[in-house]
Every structure is written in structure tokens, then in C-alpha cells.
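# Descriptive structure summary
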Amino acid sequence: MDLFDLTGRVAIVTGGNRGIGYAIAEGLARHGAHVVIANRDATSGQEAALRLQDQGFVADAVPTDVSDGRLVARLVEDVLDRHGGIDILVNNAAVIVRKPVEDVTEEEYDRVMSTNLRGAFLCSRDVGRHMIEKRRGKIVNVSSNVSQVVQPLRSIYSVSKAGLSHMTRAMALEWAPYGVNVNAIGPGPTLTDINRQYFKDHPEDLQARVDQIPMGRIGMPADHVGVAVFLASAASDYMTGQTVLVDGGTNLP
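Source: prediction; values computed, not measured.

Mapped onto the fold, Asp87 is located in the loop between α3 (69-83) and β4 (88-91). Residue Asp87 is classed as buried on the basis of its relative accessible area, which comes to 8%. One polar contact links Asp87 to Lys134, side chain to side chain, over a distance of 2.8 Å. At a separation of 2.8 Å, a polar atom in the side chain of Asp87 contacts the side chain of Arg136. Once residues within four sequence positions are removed from consideration, Asp87 is found in contact with Gly8, Arg9, Val10, Met131, Lys134, Arg136, Gly137 and Lys138.

This is the structure we're talking about:
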């Protein structure tokens, strides 16, 4: 169990106020990490941190917008000032647009790319500088299985996640000599707050996704916690540049 012990580690989880992000934050905290929830809405971030504290875990929240370089720099500076270091970064913040390619607006394209790809780059760059200096660190990017497989109505989201998986490999290559591991999780369709209403309104799309999953069910946020803890811990010290698909076997056929 020592391989998965995160006691004393400081972890930033972007978009950690709900869904997969909150599940990962809770999993890291359960293994001993001090978790910092970083998301746009200060109230929901603080509420998420309080839910963790109510379970006896160590957590706090810092509001930020990952697409804004000035706010990301302030986040990193704040966490370093408060806690003296950053050991783990989970880039989870994301948005999605579901529509045909020809209907995607420039504003929607920019919003998806700014959060999903630019945001992960800015956070990784600024936290990575600290990790390089310390010669140790774990970065876990939450990509998607659509970075590798194609699904309808998710074109721009898929491109952003493909870019994130490739950025994972690029950063892993450059930062490996400094002891910084960069890996990604590729969730398949997962029932979260971001898509719960969508699937309720479009049950045919939900069924189409389930029909593509050999395990026969849609994922839940808890399904991604084990891999996240593994990638944040010493258990993955000799692993970098990988996107681990957690999708019930969707990529197999």
C-alpha cells in the first residue's frame, strides 16, 4: 500500500468541484493528499472542499479560470505560498459542445479549446516549472477515449482531447529527465453533471454509447479514481507519456 500513499503531497485538481474531478479529488485525499480544488465558481469549489473536510480529509479551494494565464499564475503562486510546494496536478477542467461540425460557431470552438487544451497547457507549464526545479512531480491530464475513437456530434471536443493526449506525450518526453511524470486518463462516456441532462433529453444517444461498450454500461465518476491515484503515486514512477483508456472496452472492437 505504500506505493499508493500520498501523505504530505499537495494536489491541485482543476474542475474538482463535481463529476470526475470531484471523484478524483476525493480519491487523492483518501490516500493522504492535501487537495486544492481549482474551478471557476468560488462557491461550488468551496462547497466541494467542505465536503472533503467533513470526511476528515485536508482540502481547500482556490477560484480560477484555467483559460486565463494571469489567473493560473496567481493560482500556482497562491498554492506555493500556502503549502510550500505542488506535487500533483490533475488537469480535469473541460467543456463540451455537441453538434454537427457545420453548426459549430467560432465562439464555441474557442471556448472548448481555451478550457480543454489551453487551460491544461497553462496549468502544466506553470506547475511544471516548479516540478522541474524540484525534480519531482506527477501531472495527470483527463483526456477522453474520443481522443482515439470517433463519435458523432463531438468533433471539436474530440480534437481538443486528441491535442491533450498528444501534449501529454510531448511534455512527458521533455520533462522525464527532471523526474516529472506526465500521463493521461481517457474516460469513456461517463454520467456526470455535465452530461446528465443531455442524456436525459437524448436517450437515443445514451443508448448508442452504451451499445458501443463491451461491458454494457456507461461509466461513473468513481470508475476513474483508481487510475488517477495510480498515476499520481509512486506506483507509476516508471510510466510517462501514456493515455490510459478507462472506457469499458469501447476502443477494442
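That covers the picture; the talk isn't over yet.
Next up on the list: the sheet that holds strand β5 (residues 137-142). One open sheet holds the 7 strands; their spatial order is β3-β2-β1-β4-β5-β6-β7, and the pairing between them is parallel. Each edge of the sheet is formed by a strand with only one pairing partner; in this case those strands are β3 (59-63) and β7 (243-246). Within the sheet, the average angular offset between the axes of one strand and its neighbour, ignoring direction, is 20°. As judged from the 4 bridges shared by β4 and β5, these two strands associate in the parallel manner. Bridging across to β5, Asn91 finds its partner in Asn141. In the packing of helix α4 (residues 106-134) onto the sheet, the strands contacted are β1 (10-14), β4, β5 and β6 (180-187), and the crossing angle to β4 comes to about 175°.

Among the 6 residues of strand β2 (residues 34-39), 6 are classified as buried, and the element is accordingly described as predominantly covered. With burial as the criterion, each face of β2 is covered, one bearing His34, Val36 and Ala38 and the other bearing Val35, Ile37 and Asn39. As paired elements, β1 and β2 share 5 bridges and run parallel to each other. In the sheet register, Val13 faces β2, and the bridge partner there is Ile37. Relative to β3, β2 runs parallel, the two sharing 5 bridges. Within β3, the residue paired with Ile37 across the bridge is Ala61.

Glancing now at the pairing of β5. Judged by how many residues are buried, β5 sits mostly within the fold: 6 of 6 residues are covered. In β5, alternate side chains face the same way, and those of Gly137, Ile139 and Asn141 on one face and Lys138, Val140 and Val142 on the other are all buried. At this point the chain moves from β4, through α4, to the parallel β5, and the crossover so formed is right-handed. In this sheet, β6 lies alongside β5 in parallel orientation, the contact comprising 6 bridges. Bridge pairing links Ile139 to Val182 in β6. With respect to chirality, the unit in which β5 leads through helix α5 (residues 155-175) into the neighbouring parallel β6 is right-handed.

The rules behind each value
Within each chain, residues carry numbers counting from 1 in the order of the written sequence. Totals for whole chains, interfaces and linings use every residue, but because this is a predicted model, local features are given only for residues with pLDDT of at least 70 and side-chain atom pairs only at 80 or more, for both listing and counting. Each side-chain value is worked out from all heavy atoms of the structure, with water and hydrogens disregarded. Labels follow the DSSP assignment, with helices taken as runs of H or I lasting at least four residues and strands as runs of E lasting at least two, numbered in each case from the N terminus. Only protein chains enter the accessibility calculation, which uses a 1.4 Å probe. A residue is then buried if its area is under 20% of the maximum for its type, exposed if over 50%, and partly exposed in between. For this analysis, a polar contact is any N or O atom pair within 3.5 Å, provided that within protein one partner can donate a hydrogen and the other can accept it, and provided that sequence-adjacent residues contribute only side-chain to side-chain pairs. What makes two residues a contact is simply this: any of their non-hydrogen atoms within 4.5 Å. Any two strands between which DSSP finds at least two bridges are classified as paired. For every element, the axis is a line fit to its C-alpha atoms; helices are fit only across the contacting stretch, and the angle between N-to-C directions ranges from 0 to 180 degrees. A clockwise path from the first strand over the helix to the second, with the strands pointing away from the viewer, defines a right-handed crossover.

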